[in-house]
Amino acid sequence: QSADRWEYQGHSIRMEAGVGTDDGNPYGAMRPLESYVYNLDQPGGYGQLFRLGGAVLQRGRWHCLEQQVCMNSVAGPFDGQGNGQALPDGQLRTWVDGMLVSDIGGLRWRRHPEMGIEGPWINWFYGGKQATERTMHYRMNHLVVARRYIGPRVV
């Protein structure tokens, strides 16, 4: 498919761990889990931040993170390049350690019915133009891309 026949109306999603306290608080090693989402209905020129339920990530512990993106439907009439009306039926679901923590519906990702998911972004996002206060590290293991829910690895 040639990208020039589509109106550029796509999406991207990045997971991020929110800013914690690190002020001696006993919960300072935990970070809230969020998704930074570009979509057709975002309020401005930057992505929209979605807090993913009450999920937190704990430093020094492995977590199983899974996200499911369901593309929105597109209805006619269609223009000469195949772009139509984006229906608000897209979804973003998130599981942490096998527990569904967030189910965000009503999302509009695309205007062309052939636009889909290109692939995963294997990165972790922190603050846009804001620099981190210190060097940060994360590790990933057993990365899987699938068309169905898999669940945590059994060891």
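Refer to the structure presented above.
Read on for an overview of the structure. Computed from a predicted structure; not experimentally measured.

### Observations concerning the overall build of the chain
Alright, step 1. A count of helices and strands for the chain gives zero helices and eight strands.
Alright, step 2. Going from N to C terminus, the chain has its helices and strands arranged as β-β-β-β-β-β-β-β.
Alright, step 3. Within the chain, buried positions represent 32% of all 155 residues.
Alright, step 4. At a minimum sequence separation of 6, the contacts of the chain that also span at least 24 residues come to 56%.
Alright, step 5. When the accessible surface of the chain is split by element, carbon and sulfur atoms take 52% of a total near 10300 Å².

### Regarding the packing of aromatic side chains
Alright, step 1. In this structure the tally under the stated criterion is two aromatic pairs.
Alright, step 2. Here the aromatic rings of tyrosine 36 and tyrosine 38 are separated by 5.5 Å at their centres, their planes lie at 85°, and the arrangement is edge-to-face.
Alright, step 3. A relative accessible area of 12% means that tyrosine 36 is categorised as buried.
Alright, step 4. Between the aromatic rings of tryptophan 95 and tyrosine 149, the centroid separation amounts to 4.7 Å while the plane-to-plane angle is 45°, which identifies the pairing as tilted. Residue tryptophan 95 is located in strand E7 (residues 90–96), and its partner tyrosine 149 is located in the segment after strand E8 (99–107); the two are separated by 54 residues in the primary sequence.
Alright, step 5. The exposure class assigned to tryptophan 95 is buried, which follows from its relative accessible area of 14%.

About the cut-offs
- Residues numbered from 1 in each chain as written.
- Predicted model: local features only at pLDDT ≥ 70, side-chain atom pairs only at ≥ 80, totals over all residues.
- Heavy atoms only, no water.
- Helix = DSSP H or I, 4+ residues; strand = E, 2+ residues; numbered from the N terminus.
- Buried < 20%, exposed > 50% of the residue type's maximum accessible area, 1.4 Å probe, protein only.
- Contact = heavy atoms within 4.5 Å.
- Areas by Shrake-Rupley, 256 points an atom, 1.4 Å probe, with all protein chains shown as cover.
- Phe/Tyr/Trp six-rings, centres within 6.5 Å; stacked < 30°, edge-to-face > 60°.

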